[in-house]
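Working through the structure, step by step
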Amino acid sequence: IMFNARLGDYVSLRPEVLYVQRGMKLEDEGITYTARLHYLEVPFNVVGTIPAGPGKAEIFAGASAGYLLGGKITGGEEDQKIKGEDLPKTPEENT
């Protein structure tokens, strides 16, 4: 979801609401670890628009806030599910 509020011919404010999925894969000593995390992000950008030939170029600057919705980490001895802003636990903490 995006909203574009023009402040003039060349500047606008552009807040957005985004669903973002991030992940990684790591192999260490024969074990493959993977992580897939789901976030809700809200970037708030100031956008500068520059005419460039038949089109335009845009320059973005701003900040972003995100919330971890959940995810899953696999590999090693046990899979771990993450909810909200939980941090993954070590095997010692699970006992």
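Residues numbered from 1 in each chain as written. Predicted model: local features only at pLDDT ≥ 70, side-chain atom pairs only at ≥ 80, totals over all residues. Heavy atoms only, no water.

Put simply, the protein has an average pLDDT of 87, and 88% of its residues get 70 or more. Model confidence for the protein, summarised as mean pLDDT per element, is weakest for helix α1 (residues 91-94) at 59 and strongest for strand β2 (residues 11-15) at 94. (pLDDT = per-residue confidence, 0-100. Helix = DSSP H or I, 4+ residues; strand = E, 2+ residues; numbered from the N terminus.)

Turning our attention to the packing of aromatic side chains. For the structure on display, the rule yields zero aromatic pairs. The ring of Tyr39 has Arg22 lying over it, and the distance from NZ or CZ to the ring centre is 5.4 Å. (Phe/Tyr/Trp six-rings, centres within 6.5 Å; stacked < 30°, edge-to-face > 60°. Lys NZ or Arg CZ within 6 Å of the ring centre and 35° of its normal.)

In this section: the nonpolar core. With five residues, the main nonpolar core is built from Val20, Leu37, Tyr39, Leu68 and Ile82. Once you skip the residues sitting within four places of it in the chain, Tyr39 turns out to touch Leu18, Tyr19, Val20, Arg22, Tyr67, Leu68 and Leu69. (Core = buried A, V, L, I, M, F, W, Y, C linked by side-chain atoms within 4.5 Å. Buried < 20%, exposed > 50% of the residue type's maximum accessible area, 1.4 Å probe, protein only. Contact = heavy atoms within 4.5 Å.)

Side chains on a regular strand alternate between the two faces of the sheet. Every second residue of strand β6 (residues 80-83) is oriented toward a common face, the buried set being Gln80 and Ile82 and the non-buried set Lys81 and Lys83. Counted along the chain from strand β5 (residues 55-74) to the antiparallel partner β6, the turn is five residues long, and its residue Gly75 has a positive phi close to 120°. (Pairing = 2+ DSSP bridges.)

Moving on: a nonpolar patch on the surface. Residues Ile1, Val17, Tyr19, Leu40, Val42, Tyr67 and Leu69 make up a contiguous nonpolar surface patch of about 680 Å² in total accessible area. Residue assignment for the nonpolar patch shows that the elements contributing at least two residues are β4 (31-52) and β5. Note on placement: Tyr67 falls in strand β5. Judged by relative accessible area, Tyr67 falls into the partly exposed class, the value being 39%. (Patch = residues over 30% accessible without salt bridge, like charges linked within 9 Å, V, L, I, M, F, W, Y side chains within 5 Å. Areas by Shrake-Rupley, 256 points an atom, 1.4 Å probe, with all protein chains shown as cover. Salt bridge = Lys/Arg side-chain N within 4 Å of Asp/Glu carboxyl O.)

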